Amino acid sequence: MRRIAVSNAGNSAKRYRNLENTITTTFIFSLLVPLLGFVTGCQSITDRRDVRPLVLRDVPARRLAFRFEADTNAPPDASQEETTDKLEAIQADFNTRRPDDALLRTVVSPDRQRALALYGTESEPSSAFRIDLYSVDGKFLKNLTPPDLSCVFPETVSWSSDGNLIAFIGHRGVKPTPSPTPVDLQPESLPESLPEVVPSPSVGPAFAPVVLFNTEQIYICNRDGLDLKPLTSREGLIYFYFAWAPDNHGLVALACREAEWEAREREYKLPAGRPRLIGLDGRERLLDDEVTEALPVWSPDSSKVATAFDTDVAIYDAGGTPPTQARIPLREASIKASINYEQKNSKEKAQEPGVESTTASLPASFNPIVRLEWPKPEALYFKTAYVRLIPNDTINTFQRWHLVVLSPQAAVLR
């Protein structure tokens, strides 16, 4: 009887241990299932196909769908391609105190409290200028650029949208050197006594040392004109355009090599460069190896950048791991749109529209993309035109605005 009792007790202990293991396993499994669901739920929305993004900023460039609308109205509040606005108060200060300096343009801060005065001097080449900081009521505040730094491309001088930073493009200044006096014109002797010369007081502004380059680089400083430093430092590259991200986290820029710039200049072509993103820490990300004349633009939510190559629109993610990009080919659609455009505007109807019959002889209104505007996340406008540079003039004809309506690609929802 003792042996049976012991045996029954042992069996009960084993059953108890098995039950305990089962309960433990079930408990752990019940914890893991929600945890796995949580991890899956935390997966980036850009990498999942079973959900529909709520906003376009969550859609990577390679998963965008589009609809092309030809010959639309110009985008609302389209920015001016060139501006020479000058605040009257600052112009008055130049007229009265600085008649030898030529005010070129003023750039007002977003809070409309300060302004940058871009001006030329007699010692600067005609293409270069300097920058001073003013209050909007015409009070001089500070020389912003040191004398050995020449600024170029006045249309790019800009404030960040929060008004805390200023950016511009500049290079090492070229100081004219006096020509030596010919030997035969030098005086034979100096007079025995010279009139007393009283030096006039001259106190120039003090500038902290700034690294200078022989080619055009992007410079940045704070709203007080302090902490001036180069944001880019690639000697040999010419940065000729940049634009602030709407949220101020960085810039998009165009740059090319010196030889490329000079070659296009000899052929009377617009500058062309490779698009790149630049962080406020100076880190760069080259977006494309192909050069473009179309100035890149930011999406309003700062999540993407767009530019164009001939008749293709290119869209790049500003972030992501890894960031993606997409090309929207619009050549055939643009040709068809040009045929319709010319038939609509011609007094004598041409042949019925058909892409196949006109690719050998392209319509005159069919031209590459020259400008982009991105006023809303889903609405990317672009302008096509015939642009040619000629000495002392520019030809710009057949200007037409078009629209690409963006949306997320269709996804399989479970």
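About the criteria used
Residues numbered from 1 in each chain as written. Predicted model: local features only at pLDDT ≥ 70, side-chain atom pairs only at ≥ 80, totals over all residues. Heavy atoms only, no water. Patch = residues over 30% accessible without salt bridge, like charges linked within 9 Å, V, L, I, M, F, W, Y side chains within 5 Å. Areas by Shrake-Rupley, 256 points an atom, 1.4 Å probe, with all protein chains shown as cover. Salt bridge = Lys/Arg side-chain N within 4 Å of Asp/Glu carboxyl O. Lys, Arg positive; Asp, Glu negative; His and termini not counted. Charge placed at Lys NZ, Arg CZ, Asp CG, Glu CD. Helix = DSSP H or I, 4+ residues; strand = E, 2+ residues; numbered from the N terminus. Buried < 20%, exposed > 50% of the residue type's maximum accessible area, 1.4 Å probe, protein only. Polar contact = N/O pair within 3.5 Å; in protein donor to acceptor, adjacent residues only side chain to side chain. Disulfide = S-S within 2.5 Å. Pairing = 2+ DSSP bridges. Axes fitted to C-alpha atoms, helices over the stretch in contact; angles between N-to-C directions. Contact = heavy atoms within 4.5 Å. Core = buried A, V, L, I, M, F, W, Y, C linked by side-chain atoms within 4.5 Å. Phe/Tyr/Trp six-rings, centres within 6.5 Å; stacked < 30°, edge-to-face > 60°. Lys NZ or Arg CZ within 6 Å of the ring centre and 35° of its normal. Expected span 1.5 Å × (residues − 1).

Caption draft 1: Region of the structure containing a negative patch on the surface. Taken together, E235, E258, E262 and E265 make up a surface patch of like negative charges. Positionally, E265 belongs in helix 3 (residues 258-266). On the basis of relative accessible area, E265 is assigned to the exposed category, the value being 52%.

Caption draft 2: Up close: unusual backbone geometry. Cis geometry is adopted by the peptide bond preceding P322, which originates at T321 and carries an omega value of -10 degrees. Looking at the element boundaries, P322 is found in the loop between strand 17 (312-317) and strand 18 (325-329). With a phi angle near 65 degrees, S302 is a residue other than glycine that sits in the positive phi range. Of note, S302 is situated in the loop between strand 15 (297-298) and strand 16 (304-309).

Caption draft 3: Quick look at the side chain of T215. Within the secondary structure layout, T215 lies in the loop between strand 8 (165-172) and strand 9 (217-222). Among the residues examined, T215 registers a relative accessible area of 1% and is labelled buried. A polar contact of 3.2 Å, which involves the side chain of T215, links it to the side chain of Q217. Among the polar contacts made by the side chain of T215, one reaches the main-chain carbonyl oxygen of L237 at a distance of 3.0 Å.

Caption draft 4: A look at the state of the cysteines. All told, the structure shown has zero disulfides when counted by the stated rule. Lacking any disulfide linkage, C221 is separated from the closest cysteine sulfur, that of C151, by 9.8 Å. On the basis of relative accessible area, C221 is assigned to the buried category, the value being 2%.

Caption draft 5: How the structure looks around the sheet that holds strand 4 (residues 130-135). Pairing within the open sheet is antiparallel, and its four strands lie in the order 2-3-4-5. Edge positions in the open sheet fall to strand 2 (102-108) and strand 5 (140-143), since each of these has one partner strand only. Ignoring which end each strand starts from, the neighbouring axes of this sheet average 30 degrees apart. Inspection of the sheet shows strand 4 paired to strand 5 by three bridges, in the antiparallel sense. Each bridged residue has a counterpart across the sheet, and for D132 the counterpart in strand 5 is N143. Packing against the sheet, helix 2 (residues 88-97) makes contact with strand 2, strand 3 (114-120), strand 4 and strand 5, and its axis sits at approximately 115 degrees to strand 4.

Caption draft 6: Fine view of the nonpolar core. Formed by 32 residues in total, the largest nonpolar core has its most connected members in I218, Y239, F240, F242, L277 and W298. Elements with a contribution of two residues or more to this core: strand 8, strand 9, strand 11 (237-244), strand 12 (250-257), strand 13 (274-279), strand 16 and strand 17. The biggest single contributor to this core is strand 11, with eight residues. Apart from the residues lying within four places of it in its own chain, the contact partners of F240 are F153, T156, I169, L254, A255, C256, W261, P271, A272 and G273.

Caption draft 7: Representation of the packing of aromatic side chains in the model. Applying the stated rule across the entire model yields seven aromatic pairs. Ring geometry for F153 versus W261: centroids 5.8 Å apart, planes at 65 degrees, classification edge-to-face. In this pair, F153 is assigned in the loop between strand 6 (149-152) and strand 7 (158-159) and W261 in helix 3, connecting sequence segments 108 residues apart. What links up through ring pairs into an aromatic cluster is the set F94, Y119, Y134 and F140. Positioned above the aromatic ring of Y119, the side-chain terminus of R98 is 4.5 Å from the ring centre.

Caption draft 8: Fine view of helix 4 (residues 331-345). Helix length check: helix 4, at 15 residues, gives a terminal C-alpha distance of 21 Å against a target of 21 Å (1.5 Å per residue), a fit within 8%. All buried positions along helix 4 are accounted for by S334, I335, A337, S338, I339 and Q343. Looking at the buried positions of helix 4, the neighbouring elements they touch are strand 1 (64-72) and strand 21 (393-408).

Caption draft 9: Structural detail: the pairing of strand 8. The buried count for strand 8 comes to six of eight residues, which makes it a mostly enclosed element. Relative to strand 8, strand 6 is paired through four bridges, and the arrangement is antiparallel. When the sheet's bridge partners are listed, C151 is paired in strand 8 with G170. Bridge count for strand 7 against strand 8 is two bridges, and the pairing is antiparallel. Paired with S158 across the two strands is A167, which belongs to strand 8. In this antiparallel pair of consecutive strands, strand 7 and strand 8, the connection spans five residues, and G163 shows a positive phi of 75 degrees.

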